[in-house]
Amino acid sequence: MEKITFKVQRYNPDKDKKPYTQVFTIPFKHGMTVLDGLIYIKENVDNTLSFRSSCRMGICGSCGMLINNLPMLACHTPIEELKKDTITVKSLPNFPIVRDLVADLSSLFAKHKSIKPYMMPHDMAEAEKPTAEFLQEQLQLEEFVQFAYCVKCGLCMAACPTVATDKHFLGPQPLAQAYRYSADRRDCGAKERFHETDTPHGIWLCHLAGACSEACPKGVDPALALQLLKRAMISDSLRLRKKPAPPSVAQPQAEKKPKVAVPEFTIKRPGAKS
Amino acid sequence: MREVHWKLLQYIAGIGIFFLVGYHLIFSHFQSDEITEWSSVSDRAANAGWLTFYVLILIFGIYHVLHGIRGIILEFSLPPSAVKVLDWSIVLIGVAVFGYAVYIPINGFIG
């Protein structure tokens, strides 16, 4: 394969009534990702093409797009893995288009904010002026750690069939994060989060289609988080949920090890005082 | 009541339907020589146990169906004011259907 064809969605809300497709054929290099192809187009063919990207290594979650009709991170998708000569690239569905491939993710962030995605500690005084670190056992960490890998790219929201039909539905990302924080032993805000997710457009509209877990580029399983959240909420409503004990604070070390002295410079600069 | 309670009742109704309809199928159709007609239902409903059984099937069935329909309608991005209208409409429909359907076993019980 020497050439690759990109069918890219173009849309400028100031000029165009609806999105249209523009075709670009560019040289192919071994190991090239979809993002590399888009950057090539922007730098060499059409500098008006708009897309969002940053880290180029699947960490920042900026380059979420609909690639060959599946939501993926462009930087995380090698062209060879698609096994096609033609690649269709569109902006993420279930979000308004800002321009070309740039989706407006503000609804995702607003929903994410609504579930209070932060630690609500048991001991506010200790949290504000910590004397030592909170202890957490490995098993306690494993209850939520995979859900903490979320990069907020919005791919799960783009894949979710319920978000597609109900724009008020909270969606897999905020709900999975509601579970992530509620399952953390250092947090005591589960009740508040349950209140936010227990609405007509909240968690109970999830059909467990599992598309969110299929789409996640970080291996997070939001569908599992939603099921665990449902279980926690039902247990809580029946008063069967055990209130997690506040985490203990690590004991201060009895003897502090002496700090290792900074070694002397081995190279003496001319004119430096010895 | 919160959404979680309504959903919990939905699960309970689903489990209830599974066992009650299963019992009904086994004892009224597979193991019985009764003819499937109005008089058989009416005769069985003369017994207080069967009357309770039929009323429970009705309650579980109507609740499960209407709560499910509510979930489907909610997906049309209904605003909060419309959700209230929907909830009250569902309650009214449920009461009306129950009132109409419960007449048959009650009538059989009274004779």
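Here, the structure is the one placed above.
Every value quoted in this text rests on a predicted model; they were computed, and no experiment measured them.

Parameters and conventions
- Residues numbered from 1 in each chain as written.
- Chains lettered and ligands numbered in written order.
- Predicted model: local features only at pLDDT ≥ 70, side-chain atom pairs only at ≥ 80, totals over all residues.
- Axes fitted to C-alpha atoms, helices over the stretch in contact; angles between N-to-C directions.
- Helix = DSSP H or I, 4+ residues; strand = E, 2+ residues; numbered from the N terminus.
- Parallel < 35°, antiparallel > 145°, perpendicular 65-115°, else oblique.
- Contact = placed C-beta atoms within 7 Å.
- Nonpolar A, V, L, I, M, F, W, Y, C, P; charged D, E, K, R; others polar.
- Pairing = 2+ DSSP bridges.
- Core = buried A, V, L, I, M, F, W, Y, C linked by C-beta atoms within 7 Å.
- Buried ≥ 20, exposed ≤ 12 C-beta atoms within 10 Å, placed from the backbone.
- Domains from an automatic or database assignment.

## Description of the packing of helix α11 (residues 222-237) of chain A against helix α1 (residues 3-30) of chain B
The angle between the axes and the distance between the axes are what describe a pair of packed helices.
Here is step 1: Closest axis-to-axis distance for the α11(A)/α1(B) pair is 10 Å, and the angle between their directions is 100 degrees. Between α11(A) and α1(B), the angle is such that the two are roughly perpendicular. Along the contact surface, α11(A) presents A:Met233, A:Ile234 and A:Ser237, while α1(B) presents B:Val4, B:His5 and B:Leu8.
Here is step 2: Its residues assigned to classes, the contact of α11(A) with α1(B) comprises four nonpolar, two polar and no charged.

## With respect to the sheet that holds strand β1 (residues 3-10) of chain A
Residues and elements named next belong to chain A.
Here is step 1: Within the open sheet, the five strands sit side by side as β2-β1-β5-β3-β4. Their pairing is mixed. Strands at the two margins of the open sheet, each flanked by one partner only, are β2 (20-27) and β4 (70-73). Neighbour-to-neighbour, the strand axes of the sheet open up by a mean angle of 35 degrees, direction not taken into account.
Here is step 2: Note that strand β3 (residues 64-67) and β4 share four bridges and pair antiparallel. Within the sheet, the bridge partner assigned to Ile67 lies in β4 and is Leu70.
Here is step 3: Taken strand by strand, helix α1 (residues 34-45) contacts β1, β2, β3 and β5 (86-90), and its axis lies near 95 degrees from that of β2.

## Some words on the nonpolar core
All names here are of chain A.
Here is step 1: Core analysis: the biggest nonpolar cluster contains 63 residues, and Met65, Ala74 and Leu175 have the highest contact counts within it.
Here is step 2: The two domains that each donate at least three residues to this core are domain 1 (3-103) and domain 2 (106-237).
Here is step 3: Aside from chain neighbours lying at most four places away, what touches Met65 is Met72, Ala74, Val89, Lys90, Ser91, Leu92 and Leu101.

## Focus: the pairing of β5(A)
All names here are of chain A.
Here is step 1: Relative to β5, β1 runs parallel, the two being bridged by four bridges. Within the sheet, the bridge partner assigned to Val8 lies in β5 and is Val89.
Here is step 2: As defined by bridge partners, β3 adjoins β5 across two bridges and the pair is classed as antiparallel. Paired with Leu66 across the two strands is Lys90, which belongs to β5.

## Remarks on the interface of chain B and chain A
Here is step 1: The partner chain A presents 15 residues to the 11 residues of chain B that form the contact.
Here is step 2: At the level of elements, α1 and α3 (48-74) of chain B are the ones that each hand at least two residues to the side of chain B that touches chain A.
Here is step 3: At five residues, α1(B) tops the list of elements feeding residues into the side of chain B that touches chain A.

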